[in-house]
Amino acid sequence: MTTLYIDTSSSYLYTGIVKDSKLLTEVQEELGHNLSEIALPKIVEMFDKTGLKATDINKIIVVNGPGSFTGIRVGLTIAKVFAWSLNIPITTITSLEAMAVSINNDKLLVPIIDARHDYVYAAIYDNDITILKPSYIKLESLYNKLNKDYLFITNDLINLKGEKCEYNPDILKIVNKYVDKKDINPHMVNPEYLKLTAAEENKLNGS
Amino acid sequence: MKDTYILGIESSCDETSCSIVKNGREEIATVISSQINIHKNYGGVVPEIASREHVKNITIVIEECLEQANMKIDLVDAIAITYGPGLIGSLLIGLEAAKTLSFIYNKPLVPVHHIAGHIYANSLEKEMKFPLLALVVSGGHTELVLMKDHYKFEKLGGTLDDAIGEAYDKVARVIGLEYPGGPKIDALAREGNPTYKLPIPLNDDSYNFSFSGLKSAVINLNHKLEQRGEKINKSDLAASFQTVAISSIINKTKKAIINYNIKNLIVAGGVAANKGLRNEINNLGKELNIDITIPKMKYCTDNATMIAAAGYYAYKIGRVADLDLNSKSSDNLH
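Residues numbered from 1 in each chain as written. Chains lettered and ligands numbered in written order. Predicted model: local features only at pLDDT ≥ 70, side-chain atom pairs only at ≥ 80, totals over all residues.

1. Quick word on the overall build of chain B
For chain B, the count of helices and strands is 11 helices and 10 strands. On C-alpha atoms alone, chain B measures out to a radius of gyration of 20 Å, which is about the 20 Å that the 2.2 N^0.38 rule sets for 334 residues. Seen through its C-alpha atoms, chain B measures out along the principal axes to roughly 65 × 45 × 30 Å. Residue burial in chain B is summarised as follows: out of 334 residues, 52% are buried. Counting contacts in chain B only where the partners sit at least 6 residues apart, residues at least 24 apart contribute 74% of the total. (Helix = DSSP H or I, 4+ residues; strand = E, 2+ residues; numbered from the N terminus. Rg over C-alpha atoms; globule rule 2.2 N^0.38 Å. Buried ≥ 20, exposed ≤ 12 C-beta atoms within 10 Å, placed from the backbone. Contact = placed C-beta atoms within 7 Å.)

The structure is reproduced here in structure tokens:
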């Protein structure tokens, strides 16, 4: 089993190839505004380095959000076209799940991404139990849901009360955990923005 | 000679489209997924919604196109992609898809300028003859482009403010027509007479255009009549606007045809669907005795057929991009 992992939901590119529970190669790089330009060339470099061909891949795991709308779509488009054209299984996970899996800690794990205007994208996990599924939530409301010792995981500059740690993805661990997750038809692989567009929100609010 | 098949992808605005074209001239299959029914709820294209729809549709559109063509991607010679200009978030979906296909199938990636696509929509109708004049008229462009050969574009002039399609849509909104209003003005104009007096825009020696003064004149006139409580004859107002706008375009086009010894006038862009403009262009062709090419209605709006057609000629002169090709929201035609 050879799995291609792709996460472009932030300004970082996180991608790797895992073969039979071994990480063959990975890229963890801040690309910022160059993400759309460089993401695919970086993925191709991994193939060149390992000598693998696109047809050697037999599973794709792609992060489908939440995070940067444009960023999510870049990786997701690459992933769904890849899976569709090679006719291989594909599954999605959220950026917040990937963040939580990468940390070993018995506290409540709270992966958190800045969504601006006092809002965040966050989830709460107590070991393997989901206390709060990935949500678009006001930061103040999030604290009310934290009923024991907690640890924030974030790479964003958010003013947080409590202990926090950086997110450095453990791609091998993420892939091992989700490699058997149920496959999705590539046509149906879509982003989880967790947030309507401004135009849709304005329409709902009648303005 | 061996046939060349180009697979084209277009996603620069609110249409997700894929097409396969043979030798730059013959459409094999085209699929277009339009989002117009979504955006009309907002009075115009909402960029973030457009991007969200493209990502949902992209693989479905490509698959349906291949099914219609009864072809596999292995059999195409190259993949042509609209890299710009357009909405950046929309462009990116087609671009990432095209780059991924180019990698997986090891096919050359051919970058196509959206306006080159509109120009080459005409190659699906008739073989182009040079020197050629392209009148580019759309929601974002109003330009006269001289071509002495394939892929040699020389801009003679363009709009200094609003594009013609933009002026149509704004005028339509003012007189209470639903988005997209341009085609509705064209239809209304046919029922009315040009009775309202409007200023002739930028009547000078250049090949440039200006439509914002004309647009404002219509808006002011409409406002004045409303204040006076006079009933506005919408058909007559539409006819008055259309007559002035089109005659401005025809005058400059005519001058360019004479000065550059043009053999073939082609019309490109969404406003090429305007029936009033099509009539006047055909009359001009008869008057000056030159070849006129106007794309079929289905090739006037955004589609991947024209991108695959333009992609063929770009491929033939060796225009191939690397996988670090990026989308551009604006770029000069070259």
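Let us keep going from here.
2. A closer look at the domain arrangement of chain A
Residue and element names in this part refer to chain A. On domain assignment, one finds that chain A holds domain 1 (2–94 + 168–195) and domain 2 (103–165). Taken together, the contacts link 6 residues of domain 1 with 7 residues of domain 2. Class assignment for the residues of the side of domain 1 that touches domain 2 results in 2 nonpolar, 3 polar and 1 charged. (Domains from an automatic or database assignment. Nonpolar A, V, L, I, M, F, W, Y, C, P; charged D, E, K, R; others polar.)

3. Comments concerning the packing of helix 2 (residues 69–86) of chain A against helix 2 (residues 47–69) of chain B
One can describe the packing of helix 2 of chain A onto helix 2 of chain B by two numbers: an axis separation of 9 Å at closest approach and a directional angle of 10°. The orientation of helix 2 of chain A relative to helix 2 of chain B falls into the category roughly parallel. On helix 2 of chain B, the residues that touch Phe69, Arg73, Leu76, Thr77, Lys80, Val81 and Trp84 of chain A of helix 2 of chain A are Glu48, Ser51, Val55, Ile58 and Thr59 of chain B. In terms of residue class, the contact of helix 2 of chain A with helix 2 of chain B is built from 6 nonpolar, 3 polar and 3 charged. (Axes fitted to C-alpha atoms, helices over the stretch in contact; angles between N-to-C directions. Parallel < 35°, antiparallel > 145°, perpendicular 65-115°, else oblique.)

4. As for the sheet that holds strand 2 (residues 12–19) of chain A
Residues and elements named next belong to chain A. Pairing is mixed across the open sheet formed by 5 strands, whose spatial order is 3-2-1-4-5. Where the open sheet ends on each side, the last strands, each with one partner, are strand 3 (22–30) and strand 5 (90–93). Between one strand axis and the next, the sheet turns through 15° on average, direction left out of account. In this structure, strand 1 (residues 2–7) lies alongside strand 4 (residues 59–63), joined through 4 bridges in parallel fashion. Its bridge partner being in strand 4, Leu4 is matched across the sheet by Ile60. On top of the sheet, helix 1 (residues 35–50) reaches strand 2 and strand 3; it is set at about 25° to strand 2, its chief contact. Contacts between helix 5 (residues 171–178) and the sheet are confined to strand 1, strand 2, strand 3, strand 4 and strand 5, with strand 2 contributing the most and set at about 60° to the helix. (Pairing = 2+ DSSP bridges.)

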